[in-house]
Amino acid sequence: DSRDFGDGGGDLSGKGNVITEGNQRNDEDDQIDWEMQTNSRLGATVKAENIGGRFEFGMDDSNNNVSLRRLFGTWDFGAARLKVGKDYSPVTVFDSGQVFDTDAGLLNQGNLYGGRNGQISLAFGGFEVALIDTNSAGLLRNMATGDVDEFLPKIEAKWGMAFDTWNFQVHGGYQYFEIENAGAANEDVDVDSWVIGGSGGLNLGPFFVKTNLSTGQ
């Protein structure tokens, strides 16, 4: 839900999802758990003339954690809008309303998802390009040794248009980094990854259709 602060102010928004689980322990102790879903959140969007921003905190009952989901500022200087901070990346597609698996929304399981990362982006005329914090998490999981050198940001871009009854977007991204002394052979490894895709939607009043297609490595 959201609450408007009025012209030039912004709005306060939040989403509280409750997960219901039934557990049976030791074949004797039955228990029902009502907890905040892991994607519950509280945030606000603020704006003053051509300067704006948003913050958003996540709340998770299962681990008693409060985390920072999004925090960014924007500057609209007429020809384009500059954004600096942590936000969803340009390749991300929210097409699905899947609630199974903690509201997974088919992210990374059919829908493109670049995550919420630190970035600098520039948007104009339906086009957005962003330089994003490189993501190499987990790549050394199966290596005995290795030192990751991330000296180039990830780059992502999207372009799209929206009309009364239909819309479309095309997306793309590329990332590169090195791993020095990787694995038992202590070899230097170059790691390249990329993704390209497109998404579209058709709104026919009583029903709608959304789809997307992507490929990458």
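As shown above, the structure is provided for reference.
The sections below set out a description of the structure shown in this document. (Residues numbered from 1 in each chain as written. Predicted model: local features only at pLDDT ≥ 70, side-chain atom pairs only at ≥ 80, totals over all residues. Heavy atoms only, no water.)

## What about the overall build of the chain?
Part 1 of the argument: The helix and strand inventory of the chain stands at one helix and 15 strands.
Part 2 of the argument: Within the chain, the fraction of its 217 residues that count as buried is 29%.
Part 3 of the argument: Expressed as a percentage of contacts within the chain between residues at least 6 apart in sequence, the contacts between residues at least 24 apart total 44%.
Part 4 of the argument: Split by element, the accessible area of the chain, about 13,700 Å² in all, is 54% carbon and sulfur. (Helix = DSSP H or I, 4+ residues; strand = E, 2+ residues; numbered from the N terminus. Buried < 20%, exposed > 50% of the residue type's maximum accessible area, 1.4 Å probe, protein only. Contact = heavy atoms within 4.5 Å. Areas by Shrake-Rupley, 256 points an atom, 1.4 Å probe, with all protein chains shown as cover.)

## Some words on unusual backbone geometry
Part 1 of the argument: You will see that glutamate 49, though not glycine, has its phi angle at about 55°, which is positive.
Part 2 of the argument: The residue glutamate 49 is located in the loop between β5 (40-48) and β6 (51-60) in this model.
Part 3 of the argument: Its relative accessible area of 74% is what places glutamate 49 among the exposed residues.

## A short note on the pattern of salt bridges
Part 1 of the argument: This structure, assessed with the given rule, holds eight salt bridges.
Part 2 of the argument: Taking the shortest distance from any N to any O, the salt bridge between arginine 54 and glutamate 56 comes out at 2.9 Å.
Part 3 of the argument: With a relative accessible area of 10%, arginine 54 lands in the buried category.
Part 4 of the argument: Look at glutamate 56 and you get buried, because its relative accessible area is 2%.
Part 5 of the argument: With a closest N to O distance of 3.6 Å, lysine 154 and glutamate 156 form a salt bridge.
Part 6 of the argument: Each member of the salt-bridge network shares a partner with another, and the members are Arg54, Glu56, Arg69, Arg70, Lys83, Asp87, Glu128 and Lys158. (Salt bridge = Lys/Arg side-chain N within 4 Å of Asp/Glu carboxyl O.)

## Section: the packing of aromatic side chains
Part 1 of the argument: Summed over all chains, the structure comprises eight aromatic pairs.
Part 2 of the argument: Judged by centre distance (5.7 Å) and plane angle (55°), the ring pair of phenylalanine 55 and phenylalanine 57 falls under tilted.
Part 3 of the argument: Residue classification places phenylalanine 55 among the partly exposed residues on the basis of a relative accessible area of 32%.
Part 4 of the argument: Phenylalanine 57 gets classed as partly exposed once you look at its relative accessible area, which sits at 38%.
Part 5 of the argument: Here the aromatic rings of tryptophan 159 and phenylalanine 168 are separated by 5.3 Å at their centres, their planes lie at 70°, and the arrangement is edge-to-face.
Part 6 of the argument: Note on tryptophan 159: relative accessible area 35%, which makes it partly exposed.
Part 7 of the argument: For phenylalanine 168, a relative accessible area of 22% corresponds to the partly exposed category.
Part 8 of the argument: Clustering of aromatic rings is evident, with ring pairs tying together Trp159, Phe163, Trp166 and Phe168.
Part 9 of the argument: Lying across the ring of phenylalanine 72, lysine 83 places its NZ or CZ 5.3 Å from the centre. (Phe/Tyr/Trp six-rings, centres within 6.5 Å; stacked < 30°, edge-to-face > 60°. Lys NZ or Arg CZ within 6 Å of the ring centre and 35° of its normal.)

## As for the pairing of β5
Part 1 of the argument: In this sheet, β6 lies alongside β5 in antiparallel orientation, the contact comprising nine bridges. Bridge pairing in β6 places glycine 43 opposite glutamate 56. (Pairing = 2+ DSSP bridges.)

## Re a negative patch on the surface
Part 1 of the argument: Taken together, the side chains of Asp147, Glu180, Glu187, Asp188, Asp190 and Asp192 define an acidic patch exposed on the protein surface.
Part 2 of the argument: With four residues, strand β14 (residues 187-203) is the single largest residue contributor to the negative patch.
Part 3 of the argument: Mapped onto the elements, aspartate 147 comes out in strand β11 (residues 147-149). (Patch = residues over 30% accessible without salt bridge, like charges linked within 9 Å, V, L, I, M, F, W, Y side chains within 5 Å. Lys, Arg positive; Asp, Glu negative; His and termini not counted. Charge placed at Lys NZ, Arg CZ, Asp CG, Glu CD.)

## Here's the deal with the pairing of β6
For a regular strand, the rule is simple: side chains alternate between the two faces of the sheet.
Part 1 of the argument: Taken together, β5 and the strand that follows it, β6, pair antiparallel across an intervening segment of two residues, in which glutamate 49 is found at a positive phi of about 55°.
Part 2 of the argument: Examined bridge by bridge, β6 and strand β7 (residues 65-76) share 10 bridges and lie antiparallel to one another. Across the sheet, residue glycine 58 finds its bridge partner in β7, namely serine 67.

## Quick look at a nonpolar patch on the surface
Part 1 of the argument: A contiguous nonpolar patch, built from Trp159, Met161, Phe163, Trp166, Val170, Leu202, Leu204, Phe207 and Val209 and spanning about 810 Å² of accessible area, is present on the exposed surface.
Part 2 of the argument: Contributions of two or more residues to the nonpolar patch are made by β12 (154-162) and β13 (166-182).
Part 3 of the argument: Looking at the element boundaries, valine 209 is found in strand β15 (residues 208-216).
Part 4 of the argument: Using a relative accessible area of 44% as the deciding quantity, one classes valine 209 as partly exposed.

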